[in-house]
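Examination of the molecular architecture
For reference, the chains in residue letters:
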Amino acid sequence: MTCNHSSGCIHEPLRDFNHEHEHHHEHEHHHEHDFRHTDKKVLKISLIITAIAMVAEIVYGYVSGSLALLSDGVHMLTHSFSLAISLFAIFIAQKELNDSKTFGYYRSEVIAAFINALTLGVSVIWIVYEAIKRIFVPEAIDIKTMMVVAIIGLVVNAITGYLLQKGDMENVNIKSSFAHMMSDLLSSVAIIIGGIIIHFTNFYLIDALLALMIAVVIAKWAWGLLKDSLDVLLEASPVDLNLVKSKILKSGLVLDIHDIHITEITRNMYVLTAHILIERSNLANFKEIVDEISEILEHEFKIGHVTLQPEWK
């Protein structure tokens, strides 16, 4: 039901529109279901592979005395944690909506990305602390062990990255896991290069410097994920409000639009609510107006859930 403060209410048009809206989302949710089935499969395999590599890097990083390798192992620990959370989030997101969770559990994927970003931040603090200690007190390193394990880590990250790319890379949840993997892969490359330098020069300080470089890469990924997930959790508009307003007004269907809110539930699931001002003579055509505006919003901005309240002169 929609009402004008002084002129009464309109019932029928909104009921018709809601019926059409449900049809659109049945198709979209089926599409999302296909993606999540693939996402679960690649996350399971990636988690097993990464967990094995993580144990190897932490153990042999400690044995070899390489802070860079140990740091990468800790990073892999957060990576394994992120994969586990991402996998759990997909199971939660597939739960049916209910009277209290009217949009379902899709936000659990965004919460998972937020937690992943925080765990990355914690690992950065630890690595920087240990690296500074090593700069002042360098330690000898077992280069052979360091190199072998770093190469294994590189291979594991390459395989994991290949698998994750088969999932839904536009989903912030899968994107967060891929971010972990990419920073792990770059870390492994840096460690291998550092091991070669140490082997020929005995410049052990490079290990601490590499650890700091890894920390910078991790921090960059963490900040991006934190920002993206916070934007969703704080219900920041995923598209330019002014651009949306101008597109609707240019259509000539409405005289004015205000009280507009656009939020993102999860990837490609945008919700818009707004008040639109129309001529009283167009009240009988309100359903057609809503249909045309919805078409514009869906094709131009991927906004599939639209609620419009009419006001009239």
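Please read all numbers here as calculations on a predicted model, not as lab measurements.

1. Focus on the overall build of the protein
Scanning the protein from terminus to terminus reveals 8 helices and 5 strands. Listed N to C, the secondary structure of the protein is β-β-α-α-α-α-α-α-α-β-β-α-β in terms of helices and strands. The burial tally for the protein puts 49% of its 313 residues in the buried class. Looking at the protein alone, contacts between residues at least 24 apart form 76% of all its contacts between residues at least 6 apart.

2. Focus on the pattern of salt bridges
One pass over the structure, following the stated rule, counts 6 salt bridges. Taking the shortest distance from any N to any O, the salt bridge between E300 and K247 comes out at 3.7 Å. Linking E300 in helix α8 (residues 286-301) with K247 in helix α7 (residues 241-250), this pair joins segments that are 53 residues apart in sequence. Across the pair D291 and K287 runs a salt bridge, and its minimum N-O distance is 2.9 Å. You can see D291 and its partner K287 sitting in helix α8, 4 residues apart, about one turn around the helix.

3. Comments concerning α8
Taking 1.5 Å of rise per residue, 16 residues should cover 22 Å, and α8 covers 22 Å from first to last C-alpha, within 8% of that figure. Buried residues of α8: F286, I289, V290, I293, S294, L297 and F301, and no others. Viewed end-on, α8 has its buried residues packed into an arc of 130°, placing them on one side of the element.

4. Points about the sheet that holds strand β4 (residues 269-278)
On the basis of which strands lie adjacent, the open sheet formed by 3 strands has the order β3-β4-β5 and mixed pairing. Two strands in the sheet have a free side with no partner beyond their single neighbour: β3 (256-266) and β5 (303-312). Averaged over all neighbouring strand pairs, the angle between strand axes comes to 15°, with direction disregarded. As judged from the 9 bridges shared by β4 and β5, these two strands associate in the parallel manner.

5. What to know about the packing of α7 against α8
At their nearest, the axes of α7 and α8 sit 10 Å apart, and the two run at 140° to each other. Relative to α8, the element α7 lies oblique. Crossing hand, α7 versus α8: right-handed. Touching L243, V244, K247 and I248 of α7 are I293, I296, L297, E300 and F301, all from α8. Here the contact of α7 with α8 is composed, by residue class, of 7 nonpolar, no polar and 2 charged.

6. Considerations on the confidence of the model for the protein
Averaged over all residues, the pLDDT of the protein is 79; the fraction at 70 or higher stands at 83%. Note on residues 1-34: pLDDT is under 50 here. Beyond four places in sequence and across chains, it has 49 contacts.

7. Considering unusual backbone geometry
Excluding glycine, residues mostly carry a negative phi; peptide bonds, for their part, are mostly trans. One non-glycine residue, D259, lies in the positive phi region at around 50°. For D259, the location among the structural elements is in strand β3. Residue classification places D259 among the partly exposed residues on the basis of a relative accessible area of 47%.

8. Description of empty space enclosed by the protein
By the definition in use, this model includes 1 cavity of 30 Å³ or more. Residue lining of the largest cavity: R134, P138, E139, I141, Y204, L205, D207 and A208, and that is the complete set. It is helix α6 (residues 205-233) that contributes the most residues to the lining of the largest cavity, 3 residues altogether. Across the lining of the largest cavity, the residue classes tally to 5 nonpolar, no polar and 3 charged.

Rules used in this analysis
Per chain, residues are indexed from 1 in the order of the written sequence. For a predicted model such as this one, the threshold for reporting local features is a pLDDT of at least 70, and the threshold for listing and counting side-chain atom pairs is 80 or more; totals across whole chains, interfaces and linings nevertheless cover every residue. With hydrogens and water excluded, all non-hydrogen atoms of the structure serve as input to the side-chain values. Only DSSP runs of H or I reaching four residues or more are called helices, and only runs of E reaching two or more are called strands; each is numbered from the N terminus. Throughout this description, buried means an accessible area under 20% of the type-specific maximum (1.4 Å probe, protein chains only), exposed means over 50%, and partly exposed covers the range between. Should any heavy atoms of two residues lie within 4.5 Å, those residues are counted as being in contact. A side-chain nitrogen of Lys or Arg and a carboxyl oxygen of Asp or Glu constitute a salt bridge if their distance falls within 4 Å. What a helix is expected to span follows from its residue count: subtract one and scale by 1.5 Å. This arc describes the spread of directions from the helix axis toward the C-beta atoms. If DSSP finds at least two bridges between two strands, the strands pair. Between N-to-C directions, angles cover 0 to 180 degrees, with each direction set by a line fitted to C-alpha atoms, over the stretch in contact for helices. With respect to orientation, any angle under 35 degrees is reported as roughly parallel, any angle over 145 as roughly antiparallel, any angle of 65 to 115 as roughly perpendicular, and every other angle as oblique. Should the near helix be turned anticlockwise from the far one by less than a right angle, the crossing is termed left-handed; should it be turned clockwise, right-handed. Each residue gets one label: Ala, Val, Leu, Ile, Met, Phe, Trp, Tyr, Cys and Pro are nonpolar, Asp, Glu, Lys and Arg are charged, and the others, such as Gly, are polar. pLDDT: the predictor's confidence for each residue, scored from 0 to 100. In the cavity and pocket records, a cavity denotes points on a 1 Å grid over the protein atoms alone where a 1.4 Å probe fits but cannot get out, a pocket denotes an open set with protein on both sides within 12 Å along at least 5 of 7 lines, and lining residues are residues with an atom within 4 Å of a point. Grid points are joined across faces, edges and corners, and a volume is the space filled by probe spheres set on the points.

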